[in-house]
Amino acid sequence: MIERLLGLARAHLGAEVAVLSDISDGRQVVRAVSGDVGAWVVGVELTDSYCLRVAEGTLSPVIPDARREVSTRDLGFTQRHGIGSYVGVPWSTADGSRAGILCCLSRTPDPRLGQDSALFLGMLAELIGDQVNSPVVQHEREDIGMLRDVLDERTLRMVFQPVVRLSDGVTVGYESLARFDLTAFPTPAHAFAAAGRAGLGVDLELLAIERAFEALPDMPYDTTLGINLSAEALMSPAVQASVLAHAGGNICVEVTEHTAVTDYPALNEVTGRLRAANVLIVVDDAGAGFASLQHILQLRPDIIKLDISLTRDIDADPVRSALARSLVSFAAEVGARLVAEGIETRAEHDKLRTIGVDFGQGYFLAKPGPLPLRPFG
């Protein structure tokens, strides 16, 4: 709702950017943005902005031409951000306390801006204040606070689920899985989803792989370490640098579907660099739908993981069995290894072996937990 209201403010005033900020103790922290944000980033703290001056009462809330206005033309903020026009109004909490400023900015002057612009923006500020102070939003803010604590204190911990060769039960690798000591999130997936909504998703994924890499010295010999990364995270230079720094440790990057892939050529450039460093590329959830098959066709993975929905009751379902058998043939044709996820019964295990699936994961084989102690000698 807040995003929609910011978009409405921007559209009605013809502005390039709409910004919602908190202001406290002479500091402005950007809460949310809409539009061509450029250097505006959520969480950025500003110390010399127009909004601070409006909050202090030293600047008019409506500035049609910032480069001609005496009060703004020589300000560093005007020069750095190329501000041409500005409208800003305060927004308040439920008890009437002033919380910050809602503003719209553009790089070009706009002589149409006037008092009616401020009145319209003030109406939206009231609606935004109602949203920000609603129980749902307060709950989301609490969740974000907990996630920021996890990032700051690095309290995320990892467990490892074995990947087993079905023919003899030998463990050939481990998938690292994040765990949170937070009651606010029913599952780790809920925590990562909340982080994504708050713009913290990539940071949390980076922390998860860094914590996983800490286990590399304790990995049993001749096993791989699987890490989960969204396409968005893989495009991050910090994530790429972290993976490449550990590329000698038999790393498998499992491309998850936390976020949609919008640019496969760019993603393939990244996976190509990782492959050149002997990092294996894994596609998860094969058979679960079109998106996973699109991943396979576009990414040409080294390892394909059968989705748990395909593994479940495969021993008793000829349709599941037929689809799995076709994926076995496909994997053999393209030279990829096949791993079945979610094996929970002996019957599923035996059927998958019969079909020709060589590797598997699941509670029947081993639950996620700490790495086994490496033998001496």
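Our structure's up above, just so we're on the same page.
Residues numbered from 1 in each chain as written. Predicted model: local features only at pLDDT ≥ 70, side-chain atom pairs only at ≥ 80, totals over all residues. Heavy atoms only, no water.

Q: How should I be thinking about the nonpolar core in this particular structure?
A: Considering soluble globular proteins, one finds that nonpolar side chains tend to be buried as a cluster. By size, the foremost hydrophobic cluster in this structure holds 67 residues, and its most contacted members are Phe180, Ile227, Leu229, Val243, Val253 and Leu306. Here this core gets eight residues from one element, more than from any other, and that element is helix α7 (residues 201-213). Excluding its chain neighbours within four sequence positions, the residues that come into contact with valine 253 are Ile227, Leu229, Leu234, Val243, Leu274, Val279, Leu280, Ile281 and Val282. If you look at the next biggest cluster of nonpolar residues, it comprises 23 residues, including Leu13, Ala18, Leu102 and Leu124. (Core = buried A, V, L, I, M, F, W, Y, C linked by side-chain atoms within 4.5 Å. Buried < 20%, exposed > 50% of the residue type's maximum accessible area, 1.4 Å probe, protein only. Helix = DSSP H or I, 4+ residues; strand = E, 2+ residues; numbered from the N terminus. Contact = heavy atoms within 4.5 Å.)

Q: Where do I start with the packing of helix α6 (residues 188-197) against α7 in this structure?
A: Each pair of packed helices gets described by two things: the angle between the helix axes and the distance between those axes. Put simply, α6 and α7 touch, their axes get as near as 7 Å, and they point 135 degrees apart. Between α6 and α7, the interaxial angle falls into the category oblique. Contacts between α6 and α7 involve Ala191, Phe192, Ala195 and Gly196 from the former and Gly201, Leu204, Glu205 and Ala208 from the latter. Among the residues forming the contact of α6 with α7, the class breakdown is five nonpolar, two polar and one charged. (Axes fitted to C-alpha atoms, helices over the stretch in contact; angles between N-to-C directions. Parallel < 35°, antiparallel > 145°, perpendicular 65-115°, else oblique. Nonpolar A, V, L, I, M, F, W, Y, C, P; charged D, E, K, R; others polar.)

Q: Looking at this model, I keep getting lost on the pairing of strand β11 (residues 280-286). Mind explaining?
A: Regular strands show a simple pattern: their side chains alternate between the two faces of the sheet. A large share of β11 lies buried, amounting to five of its seven residues. Two elements, strand β10 (residues 251-256) and β11, share four bridges in a ladder whose sense is parallel. Bridging across to β11, cysteine 252 finds its partner in leucine 280. Here β11 pairs with strand β12 (residues 303-306) via three bridges, running parallel. Bridged to valine 282 within β12 is isoleucine 303. (Pairing = 2+ DSSP bridges.)

Q: What exactly am I supposed to notice about empty space enclosed by the protein here?
A: In this approach, a probe sized like a water molecule rolls over the atoms, and the result shows the empty space that is left. All told, the structure shown has one cavity of 30 Å³ or more when counted by the stated rule. Approximately 50 Å³ is the volume attributed to the largest cavity. Looking at the largest cavity, the residues that line it are Leu13, Gly14, Ala15, Ser85, Tyr86, Val87, Cys104, Leu105, Ser106, Asp110 and Leu113. Elements supplying a minimum of two residues to the lining of the largest cavity: β5 (85-92) and β6 (98-106). (1 Å grid on protein atoms, 1.4 Å probe; cavity = no way out; pocket = protein on both sides within 12 Å on 5 of 7 lines; lining within 4 Å. Points joined across faces, edges and corners; volume = space filled by probe spheres on them.)

Shape is all these values report; function is a separate question.
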